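Descriptive structure summary
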Amino acid sequence: MTKLSRHQMAWRAAQDIEDGMLVNLGIGIPVLTSNYLPPGRDVFFQSENGVIGVGPEAAKGQDDPNLVDAGSRRITLREGASVIDSSWSFAMIRGGHIDVTILGGFEVAENGDFANWDSRVPDKGPLVGGAMDLAACAQAVWVIMEHNTRDGRPRLLERCDLPLTAVRCAKRVYTDIAVIDVTPAGFLVEEIAEGISRDQLQARTGAKLAFAPDCRVLRAPAIDEAGSR
Amino acid sequence: MTKLSRHQMAWRAAQDIEDGMLVNLGIGIPVLTSNYLPPGRDVFFQSENGVIGVGPEAAKGQDDPNLVDAGSRRITLREGASVIDSSWSFAMIRGGHIDVTILGGFEVAENGDFANWDSRVPDKGPLVGGAMDLAACAQAVWVIMEHNTRDGRPRLLERCDLPLTAVRCAKRVYTDIAVIDVTPAGFLVEEIAEGISRDQLQARTGAKLAFAPDCRVLRAPAIDEAGSR
Amino acid sequence: MAIDKRVSSAAEALAGVRDGSTVMLSGFGGAGFANVLIRALREHGAKDLTLVANSATHPLSRTHEIVESGQVRKVICTAARGRGKELSPFEQLWKAGKIELVCLPQGTFAEAIRAGGAGIPAFYTPSGFGTELAKGMEVRRFGGRDYVLQEAITADLALLRAEHADRFGNLSFRYAQANFGPMMATAAKLAVAEVAEARHAAIPPEQVHLPGVYIDRVFATEAAGR
Amino acid sequence: MAIDKRVSSAAEALAGVRDGSTVMLSGFGGAGFANVLIRALREHGAKDLTLVANSATHPLSRTHEIVESGQVRKVICTAARGRGKELSPFEQLWKAGKIELVCLPQGTFAEAIRAGGAGIPAFYTPSGFGTELAKGMEVRRFGGRDYVLQEAITADLALLRAEHADRFGNLSFRYAQANFGPMMATAAKLAVAEVAEARHAAIPPEQVHLPGVYIDRVFATEAAGR
């Protein structure tokens, strides 16, 4: 079975970003997608701390402690960028001006319910940040996550077990073994990794899967992760 | 009886503007007060179109069609000025950041109810502008108006007849013959023009007047109105 | 494909605008009227429009042209009184029942438009409480004070005026030109800016007053620039 | 008297701050923390504070110093998780019941502060609906969608960081330094800014990001300037 790596999952999601979109990337795997945009697609990345037009991370020595993204990375700006305050930034997010947000996730339910903020680590304080606003309000919510937990339990479920980030919001899930749309009728598999059967995929999933008529093989190029951020 | 002129009423109100205040002036007589600030008082005038730090009107030929106040006058900026959009401007007004708004008025009631926006001119369209926000939200609302209408009816009343601009908001009224505070107990006369008795003032007023223990004579200097704007 | 939101004619700037649209028009105190686009809207001819504009009658705005042409069926504004003793075209049509009118306190008007662009469906405001303009509005008490509930305003189209634009749609305004323009752009499905000058090169980040992601089309009325 | 909001020490910047105050602290993503003033607040010693800050545990903020010193009884934030496996000082005090915690979605947090400064007592937002963070909140449907009612947040004191100030209190921010600072200044009775440089001469109007009327005191951490 050909599982996708973290970078390959990011690459796969990046292929679906359309020209001209305004995109917000969550921390973790999602932020990697900006490295894998297909050539010719001109995209603005928004960071919820108010940066519109996040560019690559700044080179050491050319970084500015005030030019950061929501994940505290020292960044650069792309051409045409601007910076707004948090009130404006969340007005932009809540107002539905973000075309796509790509978020890491813990669980997605077949009705689109989405859990990514509270994994119930005992004793640790809560950390929600902008996740609920992004998940509830972006025009599309794409989730990148491993298909199963480390101990093999499914993350795609009939109902989420973990506390929700937002209800009925997830539109598409990119896992290491499949690309799955969340439709009004439930999960619809669009792509499935090489060497895994439909039954095997179903067995690793906690809700009923349907398969698109043109269900394709999930492929990603080899990526030299040492050379990428 | 020594009635105050329009400019003298503006002068009188200007004497009560304190150092460091943020002040919004309504169109008409109120806007004249900016000409009569006592020396040494450093004040910012806000105009609800977003100008903070309105200066004198621009000289012909040095005006800019984009540098205007809410009354469409072409203005200058004072040192330290800035300009914000209408959303910010009314956030400032509604948020109680205006220390004083000085407004023209039709009627003030003894409980502070205030009417200045709809004089019931038949057939004409309504014009409210920022009056309701200013009257409801400024820290203090001072009203400048003639004590009586042209046909002699009182403008200070037990209850307003005209449609209200805001409830219980007026704090002080500057008329051509008196300066009157609006207190929890009703109207309290602070100053009364030379040559008019307390009884005469009461006769020209539509609600019960009380007189401050130190009730003074209302005086204003002679003003060459041709030389002033 | 490289983003370029500049269009070469006012007609192109309004392509696709439909009858029945709600149209926001910026401008206040004589500044910020998109008068070139307003005239283009008259020439476009879209009918049955709802206008959202601070004033229905400001003498420096061309709003009256689309009122007189009979394209407007409703106006949401804060000022609808002509200056003279004679009735303005708007007032005549309003008195004749040909145009519906909603008059709001200006702060409520501004905040409702901001809310429309900011995903806030409704908010409470103290302005207007106890007045005729708040008749029928839901009232609620917070902290011992009374407030009225105002719902957001959104639109199909916003027409605004700025000083400079770039190909990304970033805008910079001159002094009091911004007024309602930025929020209107956020609250409309299609936001079109007319500007004195539109360049290919980006406006420096610190000079951008409204991010281009809110602007769909830019028309330069004076110089296209490069 | 000529306005001059510049003060000459961090202690002077916090003069008069009382026990029991609600204190807003700007900063997000590593930028905009008023760390000089936060340390001054620790030295000031005001107790029983309610903090309103995006994060209770950000490693680049000195918030932890006033948490560790026991000055804080409540935190309103969006992030309260320390980075390591061991509990952060905040998490320890919170688990021990010594600090009360309110966690909000960040957009709700930002908008509630803006509302506090903008005279909006409450607003509806879609964020958080159906989640644990919205438990007990009033829900209402507008246009077929569910929203929760959030009340405004105000404060006694706001501490924010900017790049430049002038004697009028006008501020300009560098890149993402602004974040929550401007709204916090509008929502607090006393707003104090620390800046790299504070000059006597006015910042040009087009470079002012936050009007000085919102700022009460300015403290220059690097150069007083003239």
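Residues numbered from 1 in each chain as written. Chains lettered and ligands numbered in written order. Predicted model: local features only at pLDDT ≥ 70, side-chain atom pairs only at ≥ 80, totals over all residues. Heavy atoms only, no water.

**What about the overall build of chain C?**
Check the secondary structure of chain C and you find six helices and twelve strands. For 226 residues, the compact-globule estimate of 2.2 N^0.38 gives 17 Å, and the C-alpha radius of gyration of chain C, at 18 Å, lies within 12% of that figure. For the C-alpha atoms alone, the extent of chain C along its principal axes is close to 55 × 45 × 30 Å. Across the 226 residues in chain C, those meeting the buried criterion constitute 63%. Per element, the accessible surface of chain C, about 8200 Å² overall, is 47% carbon and sulfur. If the 26 positive side-chain charges of chain C are averaged to one point and the 23 negative ones to another, these points end up 2 Å apart. (Helix = DSSP H or I, 4+ residues; strand = E, 2+ residues; numbered from the N terminus. Rg over C-alpha atoms; globule rule 2.2 N^0.38 Å. Buried < 20%, exposed > 50% of the residue type's maximum accessible area, 1.4 Å probe, protein only. Areas by Shrake-Rupley, 256 points an atom, 1.4 Å probe, with all protein chains shown as cover. Lys, Arg positive; Asp, Glu negative; His and termini not counted. Charge placed at Lys NZ, Arg CZ, Asp CG, Glu CD.)

**Overview of the sheet that holds strand E5 (residues 100-104) of chain A**
In a beta sheet, neighbouring strands are held together by backbone hydrogen bonds and run either parallel or antiparallel to one another. All names here are of chain A. Strand order across the open sheet formed by ten strands is E4-E3-E2-E1-E5-E8-E10-E11-E12-E13, with mixed pairing between neighbours. In this open sheet, the two edge strands, each paired with only one partner strand, are strand E4 (75-83) and strand E13 (209-218). Across the sheet, the mean angle from the axis of one strand to that of its neighbour is 30°, orientation sign disregarded. Contacts from helix H3 (residues 86-94) reach strand E1 (22-25), strand E2 (44-47) and strand E3 (51-57) within the one sheet, and its direction differs from that of E2 by about 120°. (Pairing = 2+ DSSP bridges. Axes fitted to C-alpha atoms, helices over the stretch in contact; angles between N-to-C directions. Contact = heavy atoms within 4.5 Å.)

**Some thoughts on the pairing of E2 of chain A**
Successive residues of a regular strand alternate their side chains across the two faces of the sheet. Residues and elements named next belong to chain A. Taking every second residue as pointing to the same face, both faces of E2 are buried, with Phe 44 and Gln 46 on one and Phe 45 and Ser 47 on the other. As judged from the three bridges shared by E1 and E2, these two strands associate in the parallel manner. Its bridge partner being in E2, Leu 22 is matched across the sheet by Phe 44. One ladder, built from two bridges, connects E2 with E3; its direction is antiparallel. The residue of E3 that forms the bridge with Ser 47 is Val 51. Taking the residues that link successive antiparallel strands as the turn, the E2-E3 hairpin has three residues, and the phi of Gly 50 there is positive, at about 115°.

**Notes on the interface of chain C and chain A**
Listed as interface residues are 21 residues of chain C and, on the opposing side, 21 residues of chain A. Between chain C and chain A lies a buried interface of about 1600 Å² when both sides are counted; carbon and sulfur atoms form 59% of it. Counting the surface chain C buries against chain A, the share from its top three residues, Met 1, Val 213 and Tyr 214 of chain C, is 29%. Close ionic contact of Glu 79 of chain A with Arg 167 of chain C constitutes a salt bridge, the shortest N to O distance being 3.0 Å. Those elements giving two or more residues to the side of chain C that touches chain A turn out to be helix H5 (106-118) and helix H6 (181-187) of chain C. Looking at which element gives the most residues to the side of chain C that touches chain A, the answer is H5 of chain C, with three residues. Split into classes, the residues belonging to the side of chain C that touches chain A amount to 15 nonpolar, four polar and two charged. (Buried area = accessible area lost by both parts, 1.4 Å probe. Salt bridge = Lys/Arg side-chain N within 4 Å of Asp/Glu carboxyl O. Nonpolar A, V, L, I, M, F, W, Y, C, P; charged D, E, K, R; others polar.)

**Observations regarding the interface of chain A and chain D**
Think of interface size as the accessible area that goes away when the parts come together; that is how it is often given. Facing the 38 residues of chain A at the interface are 49 residues of chain D. The junction of chain A with chain D conceals about 3300 Å² of combined surface from both sides, 58% of it contributed by carbon and sulfur atoms. Glu 91 of chain D serves as the salt-bridge partner of Lys 124 of chain A, at 3.2 Å between the closest nitrogen and oxygen. Counting the contacts that link chain A with chain D gives 23 residue pairs in polar contact (both at pLDDT 80 or more). (Polar contact = N/O pair within 3.5 Å; in protein donor to acceptor, adjacent residues only side chain to side chain.)

**Considerations on the packing of aromatic side chains**
Tallying each qualifying case throughout the model produces 17 aromatic pairs over all chains. Centre to centre, the rings of Tyr 124 of chain C and Phe 142 of chain C are 5.0 Å apart; their planes meet at 65°, and the pair counts as edge-to-face. With Tyr 124 of chain C in strand E6 (residues 122-125) and Phe 142 of chain C in strand E7 (residues 139-142), this residue pair connects regions lying 18 residues apart in the sequence. Both residues of the pair, Tyr 124 of chain C and Phe 142 of chain C, belong to the buried class. Among the aromatic residues, those joined into a ring-pair cluster are Tyr 124, Phe 142 and Tyr 147 of chain C together with Tyr 124, Phe 142 and Tyr 147 of chain D. One Lys or Arg, Arg 78 of chain A, reaches over the ring of Phe 44 of chain A and ends 4.0 Å from the middle of that ring. (Phe/Tyr/Trp six-rings, centres within 6.5 Å; stacked < 30°, edge-to-face > 60°. Lys NZ or Arg CZ within 6 Å of the ring centre and 35° of its normal.)

**Here we look at the sheet that holds strand E13 (residues 209-218) of chain B**
Residues and elements named next belong to chain B. Read across the sheet, ten strands follow the order E4-E3-E2-E1-E5-E8-E10-E11-E12-E13 without closing on themselves; strand pairing throughout is mixed. Edge positions in the sheet fall to strand E4 (75-83) and E13, since each of these pairs with one other strand and no more. Between one strand axis and the next, the sheet turns by 30° as a mean value, whatever way the strands run. Note that strand E10 (residues 170-174) and strand E11 (residues 178-183) share three bridges and pair antiparallel. Looking at E11, one finds that Val 173 is bridged to Ile 180. The strands that helix H3 (residues 86-94) touches are strand E1 (22-25), strand E2 (44-47) and strand E3 (51-57); relative to E2, the one it contacts most, it runs at about 120°.

**Notes on the pattern of salt bridges**
In this structure the tally under the stated criterion is 64 salt bridges over all chains. For Asp 4 of chain D, the salt bridge is made with Arg 6 of chain D, and the minimal N-O distance between the two is 2.9 Å. One salt bridge connects Asp 146 of chain D with Arg 141 of chain D, and the closest N-O pair in it is separated by 2.8 Å. Through salt bridges that share partners, Arg 12, Asp 16, Arg 172, Asp 181, Glu 191, Asp 214 and Arg 216 of chain A make up one connected network.

**Remarks on the side chain of Ser 89 of chain A**
Inspection of the secondary structure assignment puts Ser 89 of chain A in helix H3. A polar contact is formed between the side chain of Ser 89 of chain A and the backbone oxygen of Glu 48 of chain A, at a distance of 2.8 Å.

**Side note on the side chain of Thr 108 of chain C**
Here Thr 108 of chain C shows up in helix H5. Accessibility expressed as a relative area gives 2% for Thr 108 of chain C, which makes it buried. Excluding anything up to four places from it in sequence, Thr 108 of chain C contacts Arg 94 and Asp 133 of chain B together with Phe 123, Thr 125, Ser 127 and Gln 150 of chain C.

**Thoughts on the packing of H3 of chain A against helix H5 (residues 106-118) of chain D**
Axis separation between H3 of chain A and H5 of chain D bottoms out at 9 Å; the angle between their running directions is 125°. Judged on the interaxial angle alone, H5 of chain D and H3 of chain A are oblique. Seen from above, H3 of chain A lies across H5 of chain D with left-handed handedness. Across the interface between the two elements, Ser 86, Ser 87, Phe 90 and Arg 94 of chain A of H3 of chain A pack against Gln 106, Gly 107, Thr 108, Ala 110, Glu 111 and Arg 114 of chain D of H5 of chain D. In the contact of H3 of chain A with H5 of chain D, the residues fall into two nonpolar, five polar and three charged. (Parallel < 35°, antiparallel > 145°, perpendicular 65-115°, else oblique. Left-handed = near helix turned anticlockwise from the far one by under 90°.)

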